[in-house]
Every structure is written in C-alpha cells, then in structure tokens.
Amino acid sequence: MSFLAPWLLLLGAAAGVPLLLHLLRRRIGQRVEFPAARYLARMEREHSRSLRMRNLLLMLLRVLVIVLAALAAARPMTRWFGRGHGPTALALVLDNSMSTGVVQGGHPLFEELRARALDALAAATPDDRVWLVTADGTLRGGTPAELRTAVRQLATLGGAGNPALAVARAASAVASSGLPARQVAVLTDGQKTAWRTTVEARGAPVVAYMLPGAPPVNRAVIAADAQPAHWTPGGTIVARVFSRDSVTWRIALGDRTLARGTVGPGEEVSVNASPPERGWIGGRVEIDPDELDADDARAFAVWVGAPPGVRVLSGAGPFADNAVGVLRGTGRVASGADVTVASADELAALPALIVAPSDPVRIGAANRTLERLGIPWRFGAARRDPVTVRTADLGRVDVALRYTLERAGAAPGDTIALAGAEPWMVGGPHYVLVASPLDPSASTLPVSAAFVPWLADVLAGRLTGEAGRAIAATPGQHLAWPSWADALEGRDGVMSGGADFTAPAQSGTWFFTRGGRRVGALVVNPEPDESALDRLAPADLARALGRDARVVTTADAWRDAVFSASSRRSIVAPLLFFLLVALAVEGVLSARGGSEEH
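Residues numbered from 1 in each chain as written. Predicted model: local features only at pLDDT ≥ 70, side-chain atom pairs only at ≥ 80, totals over all residues. Heavy atoms only, no water.

Looking at this structure, how should I read the overall build of the protein?
Secondary structure assignment for the protein yields 11 helices and 37 strands. A separation of at least 24 residues holds for 68% of the contacts in the protein among residues at least 6 apart in sequence. Carbon and sulfur atoms provide 55% of the accessible area of the protein, an area that totals close to 29,100 Å². (Helix = DSSP H or I, 4+ residues; strand = E, 2+ residues; numbered from the N terminus. Contact = heavy atoms within 4.5 Å. Areas by Shrake-Rupley, 256 points an atom, 1.4 Å probe, with all protein chains shown as cover.)

Shown next as structure tokens:
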C-alpha cells in the first residue's frame, strides 16, 4: 500500500484524544456509603459491566473514526481493493497515417481508433499526466479534456508519417514525467510497411490496440510522372497502378481530361500529349474510388513551352550538332538563338550549354569569356586520370580528360555532377558548364544513350526562360527552400520563401513563383508503400513494439489494459463508507447511553 498524501497520516495522532477523555472519566476518590444510596450501588453493580462495555466501544469507535478520516485524507492506493488507478504518465500514440482512413465494416478505421483514444482519456484523472502523439511525431500535452478535444479534431494524414518516431517521442515524454507509473498506449492499424523495425520505448510498458480482421482490397495510383519534366511542347505521362484486377484510369491536365483508359495488373499507363497550355501546369492520374480514397489520385506537374531556338557553334563538336539535329526533327527544339551550345572560348552570350575547349591552348580565352559573362567558375589544370561520373540523369559516364573547375566569385551556382571529389558539371542562372569537351576521347557523354534526352532537358528546361523544375515530396516532408524561387503559391494563398519549410500535409500540386511568375512546382504525393494495407498479426506487432509489449484487439480489453502500468487502485471510497458506518454506530450508542443516564 502507498499514499498520495502521506503527511496527512499525522492526523491519526488525534486518535489519542478519545482515549485520553476515556481515562479522565475514571473517578478516583474516597468511597463513602450512605444507607439511602445502597439500592443505587446495587443497581450500579448490576449494570457496571454493560456500562463499561458501552464506554469502551464508544472510545474504540471514536478512535476508529479519526483513524479512518486520517487514512482517507492520505489517499491510500492498493493493488487489491478500490476503483480507478494511481497517478500515471500516459502517452497515447494515435496512428492517423493515410492507411487508417480505409473504410472497414462500413466506417473509417480511424474512427474506431479515435473512439478508443477517447476511452483512454475518459479514464484519465487530474492526477495523471497525459500526452497525445500523432503518426507524424507531433507531441501535444495538456489536460485529459484538452486532449479529448484535440483527438476529435484530428484527421488522417496524406502520407505514412513515422509511427516508430511517434512511439519514441511518447516514450521520451513519459520518461521525463517524474511519475513512477508510465505507459505508452498505441492505437494503430498494424500496417506491415509502418512497423518494419523494432521500436525503442526506453523501458516504458507498451500496450497497443489494433482492429482484428483482414483489410479490404485496395487499388491505388502509385506513380505518375511527366517525361521529360519540360515539354516543348509535347511529352509523355507515365503512370503505374497498384491493383489485383483491371481498373479504369483518367488523366487530367489542369482543368480538363487529357485521356481515359483501362489498365490491367502490372501494366503501365503511357500517354503522349502536346497540350495547348503554356507554363507550369498541374495534373492528376485518377482511378475509380474504393475503400481508401486518399491514394485514388496522384499529382504531377509539367512545364509546357514553345520549342526553344538552339544554335550549335563549331567548338561544341559534331556530336552536339547531331544531337540537336535529332531534337529539331522531333520538334523538341527549333532553329534560332534562344540557347547556344558552344565551347567556352567562342561564346558570346547566355543562356548557353558551355563545354571545355578541345584545344588546351584556348583555356585562357575560355576563362576570359567566363569572367566577362559573370560565370563564377574557371578552368584549371588538365586532368587525364580516368574517373567515373554517376548522375541520376546520365547514369554512368567515364571521363578520360577534364579540367578542374575552380570557384571564382560569389554568384549563384551549384554542382550538378562530381568527378571523384571535384566538380565536373556545374550550373547557375542561364548556364550549364561541363569540364570536358564533347568528344568521345574526353568522355563517354556524347556517345551515351542518355545524352540526347539529357540535352533536351537542359536546353528546353534549365536554360530556357524561367522554367525552373518540379520538386517531389511526401506529405509533411522537411525541405530546403530553392534558391530560384521567392514564394509558394498554394490553395491557401502565397507563402513567402527563403528558409527551410515543411511540405503540405495533403497531396496536390503547389507552384513556386519568382516575381509573381510560376518558375517551378512542388508535387506532394503519399509514399507508394502506404497503399499496401497488409497488416501484422498481433504477435508480430507486439514484437515490433519491443519486449513485453501487449497487443489487444477488443474495446473491453483495451479499457482494462490502458492504465495497467498503475494497477494500484484508490481505497478512499471504502474508507469513507466505513467511516460513515462507524459514525452512525457511535451516534446510536451515544443516544442510547444518554437516555439510560436520564
């Protein structure tokens, strides 16, 4: 047994008062008998035993009343009697990831998890310390009433969140509470992809609730991309659908339907288009709704513009000239002077794709041109040690000749590709600079399969106007603000930029702007794995939640388990009951004693 207010046990010392009064009532003196009072003495002897027993019982009852009052004031807790629980640090982890929005049994699964969270908070007392942690790791503290309001206002996220991080933060919160009884209570759908590793709960007991039964069959759009990211003016939309049977799809670009069709399991959707719109446009690939509607559409963004006029100067070499000719034949570029492909020593103006001179003697002239155009890079010494360059756009490029690129000035610029630890391809406003000539003897770039698509993307995207680029993100992802934009245009207005920011919590397309013009896009989509609704068995979920974790699957078992870390219960109510009984008996005996004395 333990006490919440043990200092109030000092009130028990008052139990000595009835005992003292009982002793003071004893009359000690000389005994003198009067003949007329002999009959009274005889009566007293006859009743003395019952009187002594009544007085002794009254004394004991009064002592018991004081002791019971002191015990009740000290608020004792025991593991065997009473109702309720002891003061507990309880952190509720409510999984509101996208997958919990699935409709199961006619109702969203998240509504069931929300109801169980409200059950736990309804059982909390003012002596408890409680927190609410959502799947994205957000931690809220407050009174049980405040957290009940927060639970009612919660909605499901647009993505997976990070349930493992949520449990870790919940464990940290209860560990710092200062209360001996600590518990982490998890409400989740038990999705396999969310619980791939064992969670570290830092010694806090973990109890979890998951809804039993298999999840419904789900269909989802798990990929949607515009290829290339910049159309001049046409390109291809490629999409993939997760489904066990055939499904009908629709592709929308802006506010209009671009194409419709049906796709079977494992098949890819590919649609060529050349829309009349210009600039940055948002699009969606959609399928018919099912039990989880959050993944029935996937966003993408594309920049559409007129083909840029491109000219190739002789210093760029025949491979560049042939590649640009192929792009002209497909309509991706046109003849003109919007963009120049040239060796650095012969360049006159930007925008341009700039390559190193094939003649080392021209390096000095090339550096003077770079300085004149305000490009913050210079060619250094020639390097002929073989090195491999790898980028997402080009794959593998073997480089046999390159010039070191040395930074000169503070103008904006970024490294696109590294040769070893040194920059090999760099870019900035209206330029891309390559440290090798476009010649097979210098690198495999001009003869690689990725060269023409890469060249098209550089000419039509990076070097044309303010095309910018599309940034893919998951809901709630932390991102660095792009240097080429000053604001983000979204559904709720415009957000000024400049610092790191968090992607919106829901899927969709937002547009980066600069000076009021759209210069890029932020495309937010859920993780593809979040559409796989397969669940762990309760025993597997318990193992994922750490040693000694307990998983229950019914509402009654949850209500019994949620405060199991503080199974001590208050016995104040039984003590008060017995106190009232003792007072009643004492009152009856006192009344009878008074009437007998009269």
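Quick question: what am I supposed to make of the pattern of salt bridges here?
Opposite charge on two side chains permits pairing when their charged atoms draw close. As enumerated under the stated definition, the model contains 18 salt bridges in all. For Asp119, the salt bridge goes to Arg116, with nearest N and O atoms at 2.8 Å. With Asp119 and Arg116 both in helix H3 (residues 109–123) and three residues apart, this pair spans about one turn of that helix. Assessed through its relative accessible area of 10%, Arg116 is described here as buried. The salt bridge involving Arg402 is made with Asp385; its shortest N-O contact spans 3.3 Å. Remark: Asp385 occurs in the loop between strand S22 (377–383) and strand S23 (387–391) and Arg402 occurs in strand S25 (residues 402–407); sequence separation between them is 17 residues. Residue class for Arg402 comes out buried when judged on its relative accessible area of 5%. (Salt bridge = Lys/Arg side-chain N within 4 Å of Asp/Glu carboxyl O. Buried < 20%, exposed > 50% of the residue type's maximum accessible area, 1.4 Å probe, protein only.)

Any chance you could explain the packing of helix H6 (residues 318–329) against helix H8 (residues 451–462) here in plain terms?
The geometry of H6 relative to H8 is characterised by a closest axis approach of 10 Å and an angle of 75° between their N-to-C directions. Here H8 runs roughly perpendicular to H6, going by the angle between their axes. Contact residues: Phe319, Ala320, Ala323, Val324, Val326 and Leu327 in H6; Phe451, Val452, Leu455, Ala456 and Leu459 in H8. Within the contact of H6 with H8, the residues separate by chemical class into 11 nonpolar, no polar and no charged. (Axes fitted to C-alpha atoms, helices over the stretch in contact; angles between N-to-C directions. Parallel < 35°, antiparallel > 145°, perpendicular 65-115°, else oblique. Nonpolar A, V, L, I, M, F, W, Y, C, P; charged D, E, K, R; others polar.)

Whenever I open this one, H8 confuses me. Can you help?
Residues three or four positions apart in an α-helix share a direction because the helix packs 3.6 residues into each turn. Under the 1.5 Å per step criterion, the end-to-end length of H8 is 15 Å for 12 residues, consistent within 8% with the ideal 16 Å. Three or more residues of H8 are buried, namely Phe451, Trp454, Leu455, Ala456, Val458, Leu459, Ala460 and Gly461. (Expected span 1.5 Å × (residues − 1).)

Mind showing me how you'd approach the environment of Val302 here?
With respect to the helices and strands, Val302 occurs in strand S17 (residues 297–304). As for Val302 and Arg469, which are separated by 167 residues in sequence, their C-alpha atoms are 8.6 Å apart. Sequence-distant contacts of Val302, defined by excluding residues within four places in its chain, comprise Ala226, Pro228, Ala229, Trp231, Leu253, Gly279, Trp280 and Ile281.

Where do I start with the sheet that holds strand S32 (residues 493–496) in this structure?
Across a sheet, strands are paired by hydrogen bonds formed along the backbone, either parallel or antiparallel in direction. Taken together, five strands build an open sheet; the order of strands is S29-S35-S34-S31-S32 and the sheet is mixed. Both edges of this open sheet fall to strand S29 (470–473) and S32, since each of them pairs with a single strand only. Averaged over all pairs of adjacent strands, the angle between strand axes in this sheet comes to 25°, irrespective of strand direction. Judged from the four bridges that link them, S29 and strand S35 (residues 517–524) form a sheet pairing that is parallel. Bridge pairing in S35 links Ala472 to Val523. (Pairing = 2+ DSSP bridges.)

Can you help me understand the nonpolar core in this one?
Generally speaking, soluble globular proteins have nonpolar side chains that are buried together. Counting residues in each nonpolar core, the largest one holds 52 residues, and the members touching the most others are Phe379, Trp424 and Leu459. Ranked by residues supplied to this core, first place goes to H8 with six residues. (Core = buried A, V, L, I, M, F, W, Y, C linked by side-chain atoms within 4.5 Å.)

So what exactly am I meant to see when it comes to the packing of aromatic side chains here?
One pair of aromatic rings is described through two measures. These are the centre distance and the angle between the planes. This model, assessed by the stated rule, comprises seven aromatic pairs. Relative to Phe501, the ring of Trp481 has its centre 5.1 Å away and its plane inclined at 70°; by these criteria the two rings are edge-to-face. A residue pair is termed long-range when its members are at least 10 positions apart, and Trp481 in the loop between strand S30 (478–479) and strand S31 (487–490) and Phe501 in strand S33 (residues 501–502) qualify at 20 residues. By relative accessible area, which is 12% here, Trp481 ends up buried. Accessibility expressed as a relative area gives 7% for Phe501, which makes it buried. Each member of the aromatic cluster is reached from another via a ring pair, and the members are Trp481, Trp484, Phe501 and Phe512. Sitting over the ring of Trp377, Arg407 keeps its end group 5.1 Å from the ring centre. Directly above the ring of Phe511 sits Arg518, whose terminal nitrogen or CZ lies 3.8 Å from the centroid. (Phe/Tyr/Trp six-rings, centres within 6.5 Å; stacked < 30°, edge-to-face > 60°. Lys NZ or Arg CZ within 6 Å of the ring centre and 35° of its normal.)

Explain the side chain of Thr236 to me, please; I cannot follow it from the model alone.
As for its position among the elements, Thr236 is in strand S12 (residues 235–242). Looking at Thr236, its side chain comes within polar contact range of the side chain of Asn272, at 2.6 Å. Not counting the four nearest positions on each side in its chain, Thr236 is found in contact with Asp225, Ala226, Gln227, Trp231, Ser270, Val271 and Asn272. (Polar contact = N/O pair within 3.5 Å; in protein donor to acceptor, adjacent residues only side chain to side chain.)

Help me understand the sheet that holds strand S15 (residues 268–273), please; the structure alone is not making it clear to me.
One open sheet accounts for three strands, arranged S10-S12-S15; its pairing is antiparallel. Two strands close off the open sheet at either side, each with one partner strand: strand S10 (220–227) and S15. The sheet shows a mean angle of 15° between the axes of neighbouring strands, taken without regard to direction. Where S12 lies against S15, six bridges are found, and the strand directions are antiparallel.

I would appreciate a short explanation of the pairing of strand S8 (residues 181–187) in the present structure.
Looking down a regular strand, the side chains alternate between one sheet face and the other. Judged by how many residues are buried, S8 sits mostly within the fold: six of seven residues are covered. Bridge analysis of strand S3 (residues 88–94) against S8 gives seven bridges, and the strand direction is parallel. Directly across from Leu92, in S8, lies its bridge partner Ala185. Where S8 lies against strand S9 (residues 206–209), four bridges are found, and the strand directions are parallel. If you follow Val186 over to S9, its bridge partner there is Ala208.

Help me understand a nonpolar patch on the surface in this model?
Taken together, the side chains of Phe577, Phe578, Val581 and Val585 present a nonpolar region at the surface, about 370 Å² in accessible area. Along the polypeptide, Phe578 turns up in helix H11 (residues 572–597). (Patch = residues over 30% accessible without salt bridge, like charges linked within 9 Å, V, L, I, M, F, W, Y side chains within 5 Å.)

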